[in-house]
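Coordinate analysis (summary)
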Amino acid sequence: MILVDALLGIGGKLIDKLIPDPAARDAARFELLKLQQNGELAAMLAQTEINKVEAANTSVFVSGWRPAIGWVCALAMGYQYLLRPFLVAFNPVLAFPGLDDNLWQLLAGMLGLGGLRTFEKVNGVASK
């Protein structure tokens, strides 16, 4: 993604230097953005197809990894933000280890995957 953004930045600078006409320059930038969006859209569609095949599999080791990761994330969030503060408040002498504070980033990513999972279930592709 970073490489694509860097290439688009270079492409935009080249367009600015090589095309003096504002209308032609805007058209060239538009085409460059269309190429970027088409590539990202194709990658998203390919991943969606992979997700559909994966969710339709009857093996829990193939279709069950997302729910397992979701439960692990939920348990980690529950410990870090609910249980641990209570333990520290009632027994400040003991040191209860904390987890990484990047759990919110993990949760945001998991909710994004959960959205895809919901899409699969609505379309009847997900395993029961």
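Scroll up to find the structure.
Here's what I pulled together on the structure shown here. From a predicted model like this one, the values you see are computed outputs, not experimental measurements.

For the rest of this paragraph, the subject is the overall build of the protein. When its secondary structure is counted, the protein shows five helices and zero strands. Helices and strands appear in the protein in the N-to-C order α-α-α-α-α. Counting over 128 residues, the protein shows a buried share of 16%. For the protein, the exposed area adds up to about 9500 Å²; of that, 72% sits on carbon and sulfur atoms.

The next thing to look at is the pattern of salt bridges. Counted by the stated rule, this structure contains one salt bridge. The residue Glu49 makes a salt bridge to Lys52 at a minimum N-O spacing of 3.4 Å. Here Glu49 and its partner Lys52 are both found in helix α2 (residues 22-56), three residues apart, which amounts to about one turn of the helix. Overall, Glu49 belongs to the partly exposed group, its relative accessible area being 45%. By relative accessible area, which is 26% here, Lys52 ends up partly exposed.

Its location among the elements puts Gln80 in helix α4 (residues 65-90). Exposure remark for Gln80: the relative accessible area of 7% places this residue in the buried category. Among the polar contacts listed, one links the side chain of Gln80 to the backbone nitrogen of Leu99, at a separation of 2.6 Å. Those residues in contact with Gln80 that sit more than four places away from it in its chain are Pro85, Gly98, Leu99, Asp101 and Leu103.

On to α4. Taking 1.5 Å per residue as the helical rise, α4 with its 26 residues ought to reach 38 Å, and the 36 Å between its terminal C-alpha atoms agrees with that figure. Of all the bends in α4, the largest measures some 40° and sits at Tyr79. Turning to α4, its buried residues number three or more, namely Arg66, Cys73, Ala76, Met77 and Gln80.

What counts and how
- Residues numbered from 1 in each chain as written.
- Predicted model: local features only at pLDDT ≥ 70, side-chain atom pairs only at ≥ 80, totals over all residues.
- Heavy atoms only, no water.
- Helix = DSSP H or I, 4+ residues; strand = E, 2+ residues; numbered from the N terminus.
- Buried < 20%, exposed > 50% of the residue type's maximum accessible area, 1.4 Å probe, protein only.
- Areas by Shrake-Rupley, 256 points an atom, 1.4 Å probe, with all protein chains shown as cover.
- Salt bridge = Lys/Arg side-chain N within 4 Å of Asp/Glu carboxyl O.
- Polar contact = N/O pair within 3.5 Å; in protein donor to acceptor, adjacent residues only side chain to side chain.
- Contact = heavy atoms within 4.5 Å.
- Expected span 1.5 Å × (residues − 1).
- Bend = angle between axes of the 7 residues up to and from the residue.

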